[in-house]
Protein chains: 2
Amino acid sequence: MTATARTVRELRAMISGWRREGLTVGFVPTMGALHDGHISLVELALQKADRCVVSIFVNPRQFGPTEDLDKYPRQLAADMERLKAAGTHLAFTPSVDEMYPAGFATKVSVGGPSQGLETDFRPHFFDGVATVVSKLLLQVSADCAVFGEKDYQQLCVIRQLSRDLDIPTEIIGGPTMRDSEGLAMSSRNAYLSVDELGIARTLNVILLAAATAIAAGEDPDSACIKARSAIGRAGFSSVDYVAARESDTLAPWQKNRPGRVLAAAWLGKTRLIDNLEIPAI
Amino acid sequence: MTATARTVRELRAMISGWRREGLTVGFVPTMGALHDGHISLVELALQKADRCVVSIFVNPRQFGPTEDLDKYPRQLAADMERLKAAGTHLAFTPSVDEMYPAGFATKVSVGGPSQGLETDFRPHFFDGVATVVSKLLLQVSADCAVFGEKDYQQLCVIRQLSRDLDIPTEIIGGPTMRDSEGLAMSSRNAYLSVDELGIARTLNVILLAAATAIAAGEDPDSACIKARSAIGRAGFSSVDYVAARESDTLAPWQKNRPGRVLAAAWLGKTRLIDNLEIPAI
């Protein structure tokens, strides 16, 4: 049985009850349209804590004016079934007014890892993410919160935010779930036609080739330029970026440091992102 | 006996111990240079909670480049004596590096009540305040935190911040303490010469006349202009603002609503602020 809270008051009442019993709490923030990737994060939270809270909130403040806020997939009944099957204890499904009541006036901005990559193409994205994640983390007051490595830059920004503001919740990254051909699971995959799906599945293969070449000694800029061309040849409409970065700071990758290759590319009106570790030699 | 914590780790260890005993915690953030006004906030926190934490941290991020960060009064030994005498349980005295370690990159910005007044003259002030207060509130995780009404706009900004980010600490305003002639107590009064002190003591008298005139029906703009002139005639070097505002939003005051008259003025190199309630008729 998965309970539901629509307000912060209901949420906190439920969590206070658990706290009085001495139970620990794990938290998975989502925008709904749940797939196996989300469920793997719920499973990770359940390994780390006694109780698992999942929020479903499509945050208007992280969408740009021309982005897909209106058509972002919403399927609450199906999501609730998946959460129940996964053993989620509480779904927190606040309204936009509950999160941003009239007169709301605060913004959280994170520098450091938010610079470049997504920010070059979605300039207000991380302010929107940092503000809503600050709120959610403080509403839930969990022992740990799990974010997917699929949104790798977002994970780095949230780690920075949590450290900088002293938010007393441990931030945990969950590995990216992929389909049988390696396509990173994403709610936005639902937008893809069958043909586009075939093209989308080349992205991880191209990034793996780049990461492997970089690990083998190829110049990272050159490897990323080749990957960019390969993504175009595979049938993507355009490429926002392919970049090799340090795993923690997202500064440009330096040899022998933990690194990641990150990319964003468009298939028609659908924007996909993915990233892979640069393997240690 | 007042214990001391220099790091967030030490602070949280002490507070966790209290929480295990079921004790409630009150918090008073300060920049040190403690006077009777601060001590009244400590006393208020001790009325509200079982344990009282006072932080002493001169926050560089709320001072502008030409402001008085370097000469801001620092007197830790005397402050500790005062805190001990007042029954403070824990003094939190972090270093700048503890609060802002290398790589720190997050900023909290509050709109709404931060607009105008102080912001017109200290444009980065409230970003610095909002960021450090967010950190302090989350480091301490108190049940309540007490801020002085002397810094009235700051109190409104912190209430907004706390509400917007769902910080689970009740924000309490403590009344302004005044000397026998009504001068609002302030650490910056220490900068004043004997002559300047005489002039400073006229500020509250002039604001009281304005607030009383507005309550009696005088046009608030006209009353504020008169007060501005009176402050100049009293010997202040210049006036940053005198304004009549609504008590909660700090929007321009409307008849029959709770209101405040707020002012900032200079005496030589010393900037003083004060504010008074517009009495209800």
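Scroll up to find the structure this text is about.
Because the structure is a prediction, the values reported are computed rather than measured. Note that residues are indexed from 1 along each chain, following the sequence as it is written. Whichever chain is written first is A, and whichever ligand is written first is 1; the rest continue in order. Residues qualify for local features only when their pLDDT is at least 70, as the model is predicted, and side-chain atom pairs are given and counted only at 80 or more; totals for whole chains, interfaces and linings, by contrast, use all residues. The basis for every side-chain value is the complete set of heavy atoms in the structure, and neither hydrogens nor water enter the calculation.

Asks: What exactly am I supposed to notice about the overall build of chain A here?
Replies: Comment: elements are numbered from the N terminus, with helices defined as DSSP H or I runs of at least four residues and strands as E runs of at least two. For chain A, the count of helices and strands is 10 helices and 10 strands. Computation of the radius of gyration draws on C-alpha atoms, with the globule rule given as 2.2 Å multiplied by the number of residues to the power 0.38. On C-alpha atoms alone, chain A measures out to a radius of gyration of 19 Å, which is about the 19 Å that the 2.2 N^0.38 rule sets for 281 residues. With the principal axes as the frame, chain A shows a C-alpha extent of 55 × 40 × 40 Å. The burial tally for chain A puts 57% of its 281 residues in the buried class. The protein chains shown are the only cover counted for residues, whose accessible areas, like all others here, come from Shrake-Rupley with a 1.4 Å probe. Working note: accessible area of chain A is about 12200 Å², and carbon and sulfur atoms make up 53% of it. Of the side-chain charges in chain A, 30 are positive and 33 negative, and the distance between the mean point of each set is 2 Å. Each residue's exposure class comes from its accessible area (1.4 Å probe, protein chains only) as a fraction of the maximum for that residue type: buried when under 20%, exposed when over 50%, partly exposed otherwise. We count Lys and Arg on the positive side and Asp and Glu on the negative side, and we leave His and both chain ends out. Lys charges are placed at NZ, Arg charges at CZ, Asp charges at CG and Glu charges at CD.

Asks: Whenever I open this one, the pairing of strand 3 (residues 51-56) of chain A confuses me. Can you help?
Replies: Side chains on a regular strand alternate between the two faces of the sheet. Residues and elements named next belong to chain A. Taking burial as the measure, the 6 residues of strand 3 include 5 buried ones, the bulk of the element. Any two strands with at least two DSSP bridges between them are considered paired. Where strand 2 (residues 25-30) lies against strand 3, 6 bridges are found, and the strand directions are parallel. Bridged to V28 within strand 3 is V54. Looking down the strands as they point away from the viewer, one classifies a crossover as right-handed if the path from the first strand across the helix to the second runs clockwise. Taken together, strand 2, helix 2 (residues 36-48) and strand 3 constitute a β-α-β crossover, and its handedness is right-handed.

Asks: I would appreciate a short explanation of helix 9 (residues 203-215) of chain B in the present structure.
Replies: All names here are of chain B. One fewer than the residue count of a helix, multiplied by 1.5 Å, yields its expected span. For helix 9, built from 13 residues, the straight-helix expectation of 18 Å at 1.5 Å per residue is met to within 8% by its first-to-last C-alpha distance of 18 Å. Looking at helix 9, one finds that the buried residues are L203, N204, I206, L207, A210, A211, I214 and A215. By the convention used here, residues are in contact when the closest approach between their heavy atoms is within 4.5 Å. Looking at the buried side of helix 9, the elements it contacts are helix 8 (194-200), helix 10 (220-233), strand 8 (238-246), strand 9 (259-267) and strand 10 (270-278). At the exit of helix 9 stands G217, carrying a positive phi of roughly 115°.

Asks: Explain the packing of aromatic side chains to me, please; I cannot follow it from the model alone.
Replies: Residues and elements named next belong to chain A. Aromatic rings from Phe, Tyr and Trp, taking only the six-membered ring of Trp, are treated as a pair when their centres fall within 6.5 Å; an angle between ring planes under 30 degrees marks them as stacked, one over 60 as edge-to-face, and anything in between as tilted. Applying the stated criterion across every chain, the model contains 10 aromatic pairs over all chains. Through successive ring pairs, a cluster of aromatic residues spans F57, Y100 and F104. A ring is considered to have a charge above it if a Lys NZ or an Arg CZ atom is located within 6 Å of its centre and within 35 degrees of its normal. Geometry around Y100 places R61 over its ring, the cationic atom sitting 4.2 Å from the centre. The residue whose ring lies beneath R122 is F125, and the NZ or CZ to ring-centre distance is 4.2 Å.

Asks: Please clarify how the interface of chain B and chain A should be interpreted in this entry.
Replies: Interfaces are frequently sized by the accessible area removed from exposure as the parts join. Of the residues lining the interface, 24 residues belong to chain B; the matching set on chain A comes to 24 residues. Joining two parts hides part of their accessible area as seen by a 1.4 Å probe, and the buried area is that hidden amount summed over both. Summing both sides of the interface, chain B and chain A together bury roughly 1900 Å²; the carbon and sulfur share of this comes to 52%. Only one rule defines a salt bridge in this text: a Lys or Arg side-chain nitrogen within 4 Å of an Asp or Glu carboxyl oxygen. Along the contact surface separating chain B from chain A lie 2 salt bridges. Here A:D166 makes a salt bridge to B:K135, at a shortest N to O gap of 2.7 Å. Contacts described as polar in this section are N or O atom pairs within 3.5 Å, which, within protein, must combine one atom able to donate a hydrogen with one able to accept it, while residues neighboring in sequence count only if both atoms come from side chains. If you look at where chain B meets chain A, you find 18 residue pairs in polar contact (both at pLDDT 80 or more). Among the secondary structure elements, those contributing two or more residues to the side of chain B that touches chain A are helix 1 (8-20), strand 5 (106-110), helix 6 (125-140) and helix 7 (152-164) of chain B. Considering every element that reaches the side of chain B that touches chain A, the biggest residue donor is strand 5 of chain B, with 5 residues. Classification used: nonpolar for Ala, Val, Leu, Ile, Met, Phe, Trp, Tyr, Cys and Pro, charged for Asp, Glu, Lys and Arg, polar for all others including Gly. Grouping the constituent residues of the side of chain B that touches chain A by class yields 10 nonpolar, 9 polar and 5 charged. Looking at chain direction, strand 5 (residues 106-110) of chain A and strand 5 of chain B are connected through 5 bridges and run antiparallel. Its bridge partner lying in strand 5 of chain B, A:S109 is registered against B:K107.

Asks: Sorry if this is basic, but what is going on with the sheet that holds strand 8 of chain B here?
Replies: Strand-to-strand pairing in sheets goes through backbone hydrogen bonds, with the strands running parallel or antiparallel. Residue and element names in this part refer to chain B. Spatial ordering of the open sheet is given by 8-9-10, a layout of 3 strands whose pairing is antiparallel. Here the strands that pair on one side only, and so sit at the sheet edges, are strand 8 and strand 10. When strand polarity is set aside, the average angle formed by the axes of neighbouring strands in this sheet is 10°. Pairing geometry for strand 9 and strand 10, over 9 bridges, is antiparallel. Pairing of L262 across the sheet is with N275, part of strand 10. Interaxial angles span 0 to 180 degrees and are taken between N-to-C directions of axes, which are lines fitted to C-alpha atoms, for helices over the stretch in contact. Packed on one face of the sheet, helix 9 meets strand 8, strand 9 and strand 10 and runs near 30° to strand 10.

Asks: Help me understand the environment of B:V53 in this model?
Replies: All names here are of chain B. With respect to the secondary-structure elements, V53 resides in strand 3 (residues 51-56). For the pair V53 and T2, spaced 51 residues apart in the sequence, the C-alpha separation amounts to 9.3 Å. Sequence-distant contacts of V53, defined by excluding residues within four places in its chain, comprise L11, I15, W18, V25, G26, F27, V28, L90, F92 and V140.

Asks: Looking at this model, I keep getting lost on the side chain of A:Q153. Mind explaining?
Replies: Residues and elements named next belong to chain A. If you trace the backbone, Q153 turns up in helix 7 (residues 152-164). Engagement of the side chain of Q153 in a polar contact is seen with the backbone nitrogen of E118, the distance being 3.0 Å. With residues near it in sequence (within four places) discarded, Q153 still touches P113, S114, Q115, G116, L117, E118, T119, F126, L250 and L262.

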